[in-house]
Amino acid sequence: MPRKTVQKPFTITVIVQGTVIKDNYSGDGKRVSGFRRNYKHADILKLKMKARTLLDGRKKLPVFKVKDELMKQLMEHRVSVVIGETGSGKSTQIPQFLMKQIKGKIAVTQPRRVAAINLATRVSEEFGCDVGRDVGYAVRFNNATSYKTMLKYMTDGMLLREMMLDPLLSDYSAVIVDEAHERTILTDMILGFLKELLVRKRKDDKNFRVIVMSATLDADKFSAFFNKAPIFFIEGRLFHVDRYYLPHSVDDIIDSMVKSIIQVNQEQTKGDVLCFLPGQEDIDKVTSILHQIAPALPREAPMIVPLPLYAALPPQQQLKVFDKVKPHQRKVILSTNIAETSVTIPGVRYVIDSGLRKIKVWRHELGLSTLLTVPISKASASQRTGRAGREAPGKCFRLYTENDYIKLSQNTEPEIIRSEIVYPVLMLKRLGVDDILNWFWLENPGRSALIAALQQLYALNALSDSGKITDLGEQMAVLPVTPHLGAVLIQASKFGVLSTVMDIVACLSVDNLILTPPSEQRDVINAKRRETCTLGDRYGDLVMLKELFNIYNDISSSDERRIWCKSLGVSYKGFKNVLRIRKQISQYMDSMDGRKNEKERHSGVEDGNKSKNDDSNEDEIKTSVPLNYELVLKSFLKGFITNTAIGMPDRSYRTVTSGDTISIHPSSLLFGKKIDAVMYIEHVYTMKGYARNVSAIKTDWLREMAPHCLDRG
DNA sequence: TGGGGATTT
């Protein structure tokens, strides 16, 4: 073959689907824990004995009392909605009942990884098998299933991924969608796809079953969506919780929270206190106030032990909420929404609820997000209240009036109508949905949001002029990163800087990797970062990430890594995750590329002059090659061409798309610098418009990298 | 010199 300088840009069509999902599953290459190929009779006996001891407990669950009636309904209808309150046992028992009655595999989806893993672990004990045998789970980086697995707990994201590879879900004869009331984007997407399956693709398969499980009383919505599917109600097993309201509304939620905590501590008997506040800032304030005043409080009341809890908190500190305290002490946990569903803390008898939470709202017409503090819904208020009644009767103090409560909306607004939906739309396109506007949306995001998403995809070359998915779009749909970052990766491959860009993309895919240092350490840590990342100091945050990645990767011992992370205010746990994601991305890029050009590969330096990167060794991370920042940043422009701004003489920046003023966020290494043009990964609006994860670019790069979209505005 | 809720492939 006469090919010397220019090689084929990309082997686009060769997405080996089986390989992709296999790679995905093997993830970090860990073997399924506890799974053994050769079973001894004694082992099985032991597992079955254990299961038998659990049976008595199971029979006491509310769901067991209605088993026959419930199963009759589930068997008679293709779709059922099951309302099961907390403690009903629905998530563990119903799948097992179903297992005995139907042939074929059952999928149970969960919004969160830990829930999927814990449920599978519990249910396999009850069933009498090792996890990954008859009962297993599948979450990112961890697959505990085998050919024998008939009941599979999995995250919503995993089932969607399987759908992308097998739109018929032909492996399954039943899908149970759990926690549907949470209305996450992914759950909503699954429900839409299932409806499509039922009315079109598997219309005649009368044995295919869908069960929607919800904890709240919004079942009518689901029932109506699935053509008036019957609703089955199972009561829960929570203790009674008394509710108290304030006589008047308050303005200062921090003051009000502190006063309530002190009052509860003095007036109420034994039991820990869980307080819900909207965000980190409020939590830190209340925590420090409590630390200050705790010693001065009356001796006869328990000693307050304030404990903050939010996602950005280092894991070690998060775990402190589970520590036991001395008899004369009382835990006061100050938490965000994380304690509403994700973290359950034993010992809580009292809940104090600010009635607020924070949400990120995407403005698709502006391409930016805003962070708002908003009142919770009644459903959420009830969920928070329930946290006080898990072990014994409890009390819930609401820091708002009863009249305020009455005015709250019934249910939490579904995520999909306030989010960026580029990826959901790409999924639809990938599954061949042409009429996006009239798809089976449980909640239609609206015409303008859908059109904005289509335009984004078009600008990324994921869609053709006729609105069909392109080969590039197919690749983006399969990559485990946002479509924007997917476009960047594919461009980087063409530029021959894939390895470096994968490092950076992996860093960008991890939340809270670069931490905001406490104010007293801020200057020291900022200076240290600039000193460590000399190129990042010039070219911006993406280059900084690469520099940090290199150093982290070159440190051999985990102790040293930990110390290094601390000194720079970056997350150790985050970086461990970066490596896993880096590996997964690398495997996907490899499998996409196919093995066609095997012989043409050249090993060695990633210098960007070669049109095709050597990918046979992509798992080998390159930390020693010189950084070609220009090609790296140009690759990013491919995905973020609309996130650019030009520096003005007065040191402000104006966005290329709208001409609006935007400022470099103070957390950026480029903050306070005078730069001709910048590209940013995220545009957030708080007090004013801020660019986050900023890089210095040249204005002529814009024209060079600008696809068809720039002219259109 | 700002502030960041929670998920997931």
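Nothing here was measured: the structure is a model prediction, and the numbers come from that model. (Residues numbered from 1 in each chain as written. Chains lettered and ligands numbered in written order. Predicted model: local features only at pLDDT ≥ 70, side-chain atom pairs only at ≥ 80, totals over all residues. Heavy atoms only, no water.)

### Topic: the sheet that holds strand 10 (residues 272–276)
(1) Moving on: The strand order across the open sheet formed by 6 strands is 9-16-13-10-12-11, and the pairing between neighbours is parallel. The sheet terminates laterally at strand 9 (241–245) and strand 11 (303–309), the two strands that pair on one side only. Between one strand axis and the next, the sheet turns through 20° on average, direction left out of account.
(2) Moving on: In the packing of helix 10 (residues 253–267) onto the sheet, contacts are made with strand 10, strand 11, strand 12 (329–335), strand 13 (348–353) and strand 16 (394–398), and the angle to strand 13 comes to roughly 155°. (Pairing = 2+ DSSP bridges. Helix = DSSP H or I, 4+ residues; strand = E, 2+ residues; numbered from the N terminus. Axes fitted to C-alpha atoms, helices over the stretch in contact; angles between N-to-C directions. Contact = heavy atoms within 4.5 Å.)

### Digging into the protein's contact with DNA strand B
(1) Moving on: In the region of DNA strand B, 36 residues are neighbours, and Arg140, Ala311, Leu371, Thr686 and Arg692 sit closest.
(2) Moving on: One of the backbone nitrogen or oxygen atoms of Ala311 is found 2.4 Å away from a phosphate oxygen of DNA strand B.
(3) Moving on: Thr336 places a polar side-chain atom, nitrogen or oxygen, 3.3 Å from a phosphate oxygen of DNA strand B.
(4) Moving on: The set of elements that each furnish at least two residues to the surface near DNA strand B consists of helix 7 (156–165), strand 14 (356–363), helix 21 (522–532) and strand 21 (689–697).
(5) Moving on: Here the surface near DNA strand B gets 3 residues from one element, more than from any other, and that element is helix 7.
(6) Moving on: For the surface near DNA strand B, the class distribution of residues is 12 nonpolar, 11 polar and 13 charged. (Near = heavy atom within 4 Å. Polar contact = N/O pair within 3.5 Å; in protein donor to acceptor, adjacent residues only side chain to side chain. Nonpolar A, V, L, I, M, F, W, Y, C, P; charged D, E, K, R; others polar.)

### Overview of the UniProt feature "domain: Helicase C-terminal" (unreviewed entry) in chain A
(1) Moving on: In the UniProt entry, the feature "domain: Helicase C-terminal" (unreviewed entry) is given for residues 249–432.
(2) Moving on: As annotated, residues 249–432 has a helix share of 34% and a strand share of 25%, and its two end C-alpha atoms lie 51 Å apart. (UniProt positions renumbered as here; feature names shortened; annotations may be inferred.)

### So, the sheet that holds strand 1 (residues 79–84)
(1) Moving on: One open sheet holds the 8 strands; their spatial order is 4-3-5-2-6-7-1-8, and the pairing between them is mixed. Every other strand in the sheet has two partners, leaving strand 4 (142–144) and strand 8 (231–234) as the edge strands with one partner each. With direction set aside, neighbouring strand axes in the sheet form an average angle of 20°.
(2) Moving on: Here helix 4 (residues 67–76) sits on the sheet in contact with strand 1, strand 7 (209–214) and strand 8, set at roughly 160° to strand 8.
(3) Moving on: Where helix 5 (residues 90–101) meets the sheet, it contacts strand 1, strand 2 (105–110), strand 3 (135–139), strand 5 (151–155), strand 6 (172–177), strand 7 and strand 8, and its direction lies at approximately 140° from that of strand 5.

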